[in-house]
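Below are the chains, spelled out letter by letter.
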Amino acid sequence: MSNSVNISVETTCENQIREIGYDGTERYQPPPTLSESLAKCAARIDFSKTSLDDLKKEEKTAAAATEEDKDATQFQESLWPWDAVRNKLKDALTEICVLSDVISVAKDKRYLVLDPLLEEADDTKPIVQVYSRKKAISQAAQVLLGGAERLRNAHSEQRSRNVSDFHIELLRLRQNWRLKKVSNAIIGDLSYRTAGSKFGMSGTFEVTKAEEAADDDAPSSSNNSSSSTSGNNGMQLKASSALRVIVPSELQGVAYIKVITQKDQEDLCTAQVNLMGHGPNITAQTGVWQKTLEFAQNVLFCKELFAQLAREAIQLQAPIPHVVIGNQIRATLLPNIQLIISLCHSTTFDSSQPAPINDHDHVLEHSLHQLLREVHYKNSHHPFPHPASAPLGPTKKRMVAGPMAADRETLLDMTKSQTILEQIIAQAQHIFMRKRTQYVLDTLARDVKDPQIVSHWNAMNSPTMSCVKINIVTHGYDAIGRTSLVIHVKERSLKCICRDGRVMRLSYEPQELRDLILCQINSHQISCLISLARCMAWTVLSNSNHLGIGKVEPLGNASSCLLASPNSDRMIAVQIRCDPQIDVKVYIARSPRQDFFPSPLVPEKLWENLGGNFKEVRFDKIEGKSFLNKMEFLMASLTSNSA
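What counts, and where the lines are drawn
Residues numbered from 1 in each chain as written. Predicted model: local features only at pLDDT ≥ 70, side-chain atom pairs only at ≥ 80, totals over all residues. Heavy atoms only, no water. Helix = DSSP H or I, 4+ residues; strand = E, 2+ residues; numbered from the N terminus. Buried < 20%, exposed > 50% of the residue type's maximum accessible area, 1.4 Å probe, protein only. Areas by Shrake-Rupley, 256 points an atom, 1.4 Å probe, with all protein chains shown as cover. Pairing = 2+ DSSP bridges. Axes fitted to C-alpha atoms, helices over the stretch in contact; angles between N-to-C directions. Core = buried A, V, L, I, M, F, W, Y, C linked by side-chain atoms within 4.5 Å. Contact = heavy atoms within 4.5 Å. Parallel < 35°, antiparallel > 145°, perpendicular 65-115°, else oblique. Left-handed = near helix turned anticlockwise from the far one by under 90°. Nonpolar A, V, L, I, M, F, W, Y, C, P; charged D, E, K, R; others polar. Phe/Tyr/Trp six-rings, centres within 6.5 Å; stacked < 30°, edge-to-face > 60°. Disulfide = S-S within 2.5 Å. Salt bridge = Lys/Arg side-chain N within 4 Å of Asp/Glu carboxyl O. Polar contact = N/O pair within 3.5 Å; in protein donor to acceptor, adjacent residues only side chain to side chain.

Q: What is the right way to read the overall build of the protein from this model?
A: Regarding its fold elements, the protein presents 14 helices and 21 strands. Expressed as a percentage of the 643 residues in the protein, the buried residues total 31%. About 43400 Å² of surface is accessible on the protein, with carbon and sulfur atoms providing 54% of the total.

Q: What's the story with the sheet that holds strand β17 (residues 539–544) in this structure? I'm lost.
A: Sheets are built from strands paired through backbone hydrogen bonds, the pairs being either parallel or antiparallel. The antiparallel open sheet is built from 5 strands, whose spatial order is β17-β18-β19-β20-β21. Edge positions in the open sheet fall to β17 and β21 (615–617), since each of these has one partner strand only. Sheet twist, expressed as the mean angle between neighbouring strand axes with direction ignored, is 20°. Here 3 bridges tie strand β20 (residues 582–590) to β21, and the two strands are oriented antiparallel to one another. Bridge pairing in β21 places Val586 opposite Val617.

Q: Even after reading the chapter, I still don't get the nonpolar core, so can you show me in this structure?
A: The nonpolar side chains of a soluble globular protein tend to be buried, and buried together. Ranked by internal contacts, the top residues of the largest apolar core, which has 71 residues, are Leu293, Leu339, Ile470, Ile487 and Ile517. Counting residues per element, this core draws most heavily on helix α8 (residues 288–315), at 12 residues. Sequence-distant contacts of Leu293, defined by excluding residues within four places in its chain, comprise Leu173, Trp177, Leu190, Phe205, Val245 and Val247.

Q: Before we go on, may I ask you to explain the environment of Asp478 in this structure?
A: In this structure, Asp478 sits in the loop between β13 (466–473) and β14 (483–489). Along the sequence, Asp478 and Cys528 sit 50 residues apart, while their C-alpha atoms lie 9.5 Å from each other.

Q: Mind showing me how you'd approach the sheet that holds strand β15 (residues 494–498) here?
A: In space, the 5 strands of this open sheet follow the order β12-β13-β14-β15-β16, with antiparallel pairing throughout. Only two strands of the sheet have a single partner each, and these edge strands are β12 (452–457) and β16 (503–506). Direction aside, neighbouring strands of the sheet carry axes that sit 20° apart on average. Pairing geometry for β15 and β16, over 4 bridges, is antiparallel. Considered in β16, the bridge of Leu494 is made with Leu506. Against the sheet, helix α12 (residues 420–447) contacts β12, β13, β14 and β15, and its axis sits at roughly 155° relative to β12. Across the sheet, helix α13 (residues 510–535) touches β12, β13, β14, β15 and β16, and the angle it forms with β14 is around 165°.

Q: I would appreciate a short explanation of the packing of α12 against α13 in the present structure.
A: Helices that pack against each other are described as a pair by the angle of their axes relative to one another and the distance between those axes. Contact geometry for α12 and α13: axes closest at 10 Å, N-to-C directions at 40°. Overall, the two elements α12 and α13 adopt an arrangement that is oblique. Considering how the two elements wind past one another, α12 and α13 form a crossing that is right-handed. Counted together, Arg436, Thr437, Val440, Leu441, Thr443, Leu444 and Asp447 of α12 and Pro510, Leu513, Arg514, Ile517 and Leu518 of α13 form the full contact between these two elements. Among the residues forming the contact of α12 with α13, the class breakdown is 7 nonpolar, 2 polar and 3 charged.

Q: Would you explain the packing of aromatic side chains in this entry?
A: Following the criterion strictly, the structure yields 2 aromatic pairs and no others. Between Tyr192 and Phe301, the aromatic rings sit 6.4 Å apart at their centres with planes inclined by 65°, giving edge-to-face as the arrangement. Of this pair, Tyr192 sits in the loop between β4 (185–189) and β5 (204–209) while Phe301 sits in helix α8, placing them 109 residues apart in sequence. Phe301 carries the same exposure label as Tyr192, and that label is buried. Ring centres of Phe619 and Phe627 lie 5.7 Å apart, and the angle between their planes is 50°; on these two criteria the pair is classed as tilted. An identical accessibility class is assigned to Phe619 and Phe627; each is buried.

Q: What is the right way to look at the state of the cysteines in this model?
A: Among covalent bonds in proteins, the disulfide is the one between the sulfur atoms of two cysteines. Taken as a whole and assessed by the stated rule, the structure comprises 0 disulfides. Here Cys498 stays unpaired: no disulfide links it, and the sulfur of Cys496, its closest cysteine neighbor, is 6.9 Å away. Overall, the relative accessible area of 7% leaves Cys498 in the buried class.

Q: Sorry, what's going on with the pairing of β14 here?
A: Taken residue by residue, a regular strand's side chains alternate between the two faces of the sheet. The buried fraction of β14 is high, at 6 of 7 residues. In this sheet, β15 lies alongside β14 in antiparallel orientation, the contact comprising 5 bridges. By the bridge assignment for β15, Val486 is matched with Ile497. Where β14 hands over to β15, the hairpin turn is made up of 4 residues, counted between the paired strands.

Q: Please clarify how the pattern of salt bridges should be interpreted in this entry.
A: Side-chain pairs of opposite charge can arise where the charged atoms are in close proximity. Inspection of every chain in the model, using the stated rule, returns 8 salt bridges. For the salt bridge of Arg152 with Glu149, the shortest nitrogen-to-oxygen distance reads 2.5 Å. Placement of the pair is Arg152 and Glu149 together in helix α4 (residues 126–161), with a separation of 3 residues, close to one helical turn. The exposure class assigned to Arg152 is partly exposed, which follows from its relative accessible area of 48%. Here Arg570 makes a salt bridge to Asp569, at a shortest N to O gap of 3.6 Å. Note on Arg570: relative accessible area 12%, which makes it buried.

Q: Would you mind going over the environment of Gln328 with me for this structure?
A: Structurally, Gln328 is set in strand β10 (residues 328–334). With a relative accessible area of 28%, Gln328 lands in the partly exposed category. With 69 residues separating them in the primary sequence, Gln328 and Val259 have C-alpha atoms 9.8 Å apart. The residues touching Gln328, leaving out its near neighbours within four places in the chain, are Phe306, Val323, Ile340, Ile341 and Ser342. Polar side-chain contacts of Gln328 include one of 3.2 Å to the side chain of Arg330.

Q: Explain the side chain of Gln429 to me, please; I cannot follow it from the model alone.
A: The residue Gln429 is located in helix α12 in this model. Residue class for Gln429 comes out buried when judged on its relative accessible area of 7%. Residue contacts for Gln429: discarding those within four places in its chain leaves Leu333, Glu491 and Arg492.

Q: Could you clarify how one ought to interpret unusual backbone geometry in this entry?
A: When glycine is set aside, most residues are seen to have a negative phi, and most peptide bonds are trans. The omega torsion of the bond from Asp450 to Pro451 falls at 0°, within 30 degrees of zero and hence cis. Along the polypeptide, Pro451 turns up in the loop between α12 and β12. The phi dihedral of Asn336 falls on the positive side, at around 70°, and the residue is not glycine. Mapped onto the elements of the fold, Asn336 is located in the loop between β10 and β11 (337–346). Judged by relative accessible area, which is 57%, Asn336 ranks as exposed. Positioned with a positive phi, Ala405 is a non-glycine residue whose angle comes to about 55°. Following the sequence through the fold, Ala405 ends up in the loop between α10 (396–399) and α11 (408–415). Looking at Ala405, the relative accessible area reads 66%, which means it is exposed.

Below, the structure written as structure tokens:
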């Protein structure tokens, strides 16, 4: 063939078919990536066909061939394209095997031991080292001897001057008060900020070292304040101290809060609140500065408490507005009864001041301390959110109010909270109501001899509610009957629970309680008389606690009882009134009538058994110590006469 034709043979561009669907759709296999092609080619390498010797032989033959064919091409490609890769991997494997052998030999130390190279030591003479050490020890000895001499001189001077050590005094001061060093000064803090207080007044004081001139001369200004404060407590403290405490002028002196419950210019209850006298007495173990700091912290405490009360008094919306004038707060407890809270602060001690009042209410004083502590605690301790993503602030009860399906009234109760002033007013009202109840019960027990009124006050009470149980008994007739009632003394009212389950609520007026007790005495006498009559075989014809005849009683209702003798020939009528004391009237009637005469209208004689007119008995002339004792003698005498 004269004419040749070039024919190109190429692979198809289509990839291999992976899947043919039912509808005839063909799914091709994607072409391999470069990394997949490289991995496929590397998998074809067979490293077991040739060894290291074969490689060396091939290298030698190749070198000989190059020497013989110098005129040929200097570079000849390998017949296999992955030959260079195989050679590199073989070299790397060889180096790794050598490294492994070296490590095993160095580790086992059976074949080879590796020793470090020793540097050539300098030639030093021993005498030079001895002289240098001797010189260093002599210098350290001189420093120690100099310090000991200074300490000995300072100690001897302190003994001669009888002055305590500054550092020991400072150590004692740090054990009881918060101190910190600011540049070259020592500053202390008297405030309650670490406990949660937000009071703005500064409570810092400065601690300095007392100078020698101040110790030798007359007492300085700080010692004057310390001696004056110690004179307030009647203690003789040592005048010399190595410390000098400088307290701000607004915290100097003596302060206390005076709480008075007043009615028509008459003091009913008084309490003085301060920090003095609380906790262990550590003044004797410390120094003059201890009293100074205690009085300064007391002034800060009283000012913070009064500022809190004054702020609440202005913010509260009371029916009768509270009055804040200067250092005095006036609040109305009950009609004509006021609560007066005063801040007393004096920088000098006056011996002509009146002595403290003996009628001191320790409960009210403790309440003020505790309530202010609760405010500090709430400021520094906030309830944790539940769950953790919830807002910070609401209490745990408010957070579970939704899942627990709380109603509106419960939610409103959760938002209500009482301030310090409101709680103090409530406690003062309760104290006044309790004293008034005690006075009424004691007065009735003193005035009413028959029956006896016994009051049992519960020892476990709350600050705003007390409980008293009243037993009305007659001496010698306790087994016949007794009347019991319980009175709950609250803030502005009384709750009386009788033996039969009746509940009566009284106001703060004492006359209502007095009237209730008198009515209970009235009913007690009638019930005990009925029980006594049944024991003596007398018949109870009728009895009534609300007699509807006679004049109108000013207090309660009159009670009556009608009794008949065993033979029915004697009758006794008893009437008891509260007017305003217990008034007892006894009437007797005899049957048959002695003044009965037949008449045309009443001809039969049997009508004479109806009994005659009732005659009043001079009850006060009958022998007996009590009402029941006299009635027992009267019924006994009438029974014997009829027999």
